[in-house]
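# Residue-level structure breakdown
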Amino acid sequence: MKTKVIRIQKSMPSKKTGKQIAEAARIIIAGGIVAFPTETVYGLGANALDAEAIRKIFRAKGRPFDDPLIVHIASKHQLYGLAARVTAEAKILMKKFWPGPLTLVLRKTKKVPKITTAGLDTVAIRMPSHPIALGLICATGVPIAAPSANTFGRPSPTSARDVLEDLDCKIDAVIDAGRTRIGVESTVLDLSGKTPVLLRPGNITLEQLEKTIGKIKVHPLVRVRTHGTKPTKKTAVRSPGLAYRHYAPRAEVILVEGPAKWAEAKIKKIKAGLAGKKVVVLKTSGLSKEKLASRLFGEFRVADRKGADIIIVQGVDEQGIGLAVMNRVRKAAARIVKS
Ligand code: TXA
Ligand code: MG
């Protein structure tokens, strides 16, 4: 299959972008799969209610069928067809953070096909804030299921180039609208149980969420490196995707965690011991955590293109978006060195 690249420049008059979006929408309505930008990362979209189209997403990504997808909507009324119970907390959070990078897990209706939610009785829903994502959902008239548009296990794509690197010839089209702003995927919050559980940290921070609805439980897998460890039944049921190795470049990632001075010295030492290997160092002192988040996956991919053997990442504190950054780096890491 040839992958069509649909370019949309920021400077384009809206009449022209309307045409481009309509073209992508036609493909989705016909049961095809199209990658598109969101404010977080590029997603690979299909009609969330079309089981056959959803199957194509799993196949193109090489994603295991037990890892559920996020359903993207453009208006609140779409939510009520998909979620069986919209809790009071959900309503408060939607009002405050939608459209934006917050995904809510709620009990699902029968309308959502099993394949979309990997057989779970819950569905993850988010309303993105990127105008092209919203425009595309509106133009199709259906909710769009979209995982990150990468090969399963690879770093999420923050540009159309990243998408094509993984999925060229495997998807119908990609809308190229430049780099994404946030760079790490949305915050995922499970509201289907008694207490809210943070399943994946993101740009909407734990602090912001707790300020809005009170105490939130952080899922135990958020702060640990998971690949190579066996998920327990309980953790696996709540969100199967959490237990997989994710976001990983081909190069081996070493995470160095500790006070800045110590970490910098440690990184020098590790590097000196790796003579003959191609080493890329991602230093984080002097870089805002937002900047780091927006660049992280891109830096991983650049290192791979350069043929790096090892990427050494200096850890950051877990305040604010730091929790999301550390979560992604830990999941990608082959080794963690602590002070
Ligand atoms: O920012 C984002 O969320 C991006 C853009 C494209 O919107 N999408 C994204 O999707 O990151 P994906 O498929 O790469 O990650 C979805 C995460 C997975 O960890 C999955 O396990 C979890 O959401 N998830 C989806 N449905 C769930 C459910 N019903 N219950 C628990 N976790 C769920
Ligand atoms: Mg993903």
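Scroll up for the structure.
A brief report on the enclosed structure follows.

What follows covers the side chain of Asn 327. Structurally, Asn 327 is set in helix 11 (residues 322-332). Residue class for Asn 327 comes out buried when judged on its relative accessible area of 3%. A polar contact is formed between the side chain of Asn 327 and the backbone oxygen of Val 222, at a distance of 2.9 Å. Beyond its immediate stretch of four places on either side in the chain, Asn 327 contacts Arg 200, Pro 201, Val 222 and Tyr 247.

Here strand 9 (residues 187-190) shows two buried faces, one formed by Thr 187 and Leu 189 and the other by Val 188 and Asp 190. As judged from the four bridges shared by strand 5 (residues 102-107) and strand 9, these two strands associate in the parallel manner. The residue of strand 9 that forms the bridge with Leu 104 is Leu 189. Summarising the sheet, strand 9 and strand 10 (residues 197-200) pair through three bridges and their orientation is antiparallel. Bridging from a neighbouring strand, Asp 190 pairs with Val 197 of strand 10.

Turning next to helix 4 (residues 88-97). Among all positions in helix 4, only Ala 90, Leu 93, Met 94 and Phe 97 are buried. Mapping the buried residues of helix 4 onto a view down its axis gives an arc of 100 degrees, with all of them on the same face. Set apart from the buried face of helix 4 by more than 90 degrees, the exposed residues are Ala 88, Lys 95 and Lys 96. Contacts made by the buried residues of helix 4 are with helix 3 (76-82), strand 5, strand 9 and helix 7 (206-213).

What follows deals with the packing of helix 4 against helix 7. Geometry of a packed helix pair, given as the angle between the helix axes and the separation of the axes. Two numbers describe how helix 4 lies on helix 7: the axes approach to 10 Å, and their chain directions differ by 125 degrees. Here helix 4 lies oblique to helix 7, going by the angle between them. Along this stretch, helix 4 crosses helix 7, giving a crossing that reads as right-handed. Where helix 4 abuts helix 7, its residues Glu 89, Ile 92, Leu 93, Lys 96 and Phe 97 lie against Gln 208, Leu 209, Thr 212 and Ile 213. Of the residues belonging to the contact of helix 4 with helix 7, the class tally is five nonpolar, two polar and two charged.

Take empty space enclosed by the protein next. With the rule as written, the count across this model stands at one cavity of 30 Å³ or more. A volume near 630 Å³ is recorded for the largest cavity. Forming the boundary of the largest cavity are 40 residues, of which Arg 63, Asp 67, Pro 68, Ile 70 and Arg 200 lie nearest the centre. Of all the elements in the fold, those that place two or more residues in the lining of the largest cavity are strand 3 (42-47), strand 4 (70-72), strand 6 (122-126), strand 10 and helix 11. Residue composition of the lining of the largest cavity, by class: 16 nonpolar, 15 polar and nine charged.

About the thresholds
Residues numbered from 1 in each chain as written. Chains lettered and ligands numbered in written order. Predicted model: local features only at pLDDT ≥ 70, side-chain atom pairs only at ≥ 80, totals over all residues. Heavy atoms only, no water. Helix = DSSP H or I, 4+ residues; strand = E, 2+ residues; numbered from the N terminus. Buried < 20%, exposed > 50% of the residue type's maximum accessible area, 1.4 Å probe, protein only. Polar contact = N/O pair within 3.5 Å; in protein donor to acceptor, adjacent residues only side chain to side chain. Contact = heavy atoms within 4.5 Å. Pairing = 2+ DSSP bridges. Arc of directions from axis to C-beta. Axes fitted to C-alpha atoms, helices over the stretch in contact; angles between N-to-C directions. Parallel < 35°, antiparallel > 145°, perpendicular 65-115°, else oblique. Left-handed = near helix turned anticlockwise from the far one by under 90°. Nonpolar A, V, L, I, M, F, W, Y, C, P; charged D, E, K, R; others polar. 1 Å grid on protein atoms, 1.4 Å probe; cavity = no way out; pocket = protein on both sides within 12 Å on 5 of 7 lines; lining within 4 Å. Points joined across faces, edges and corners; volume = space filled by probe spheres on them.

Purely spatial values, then, with no claim about function.
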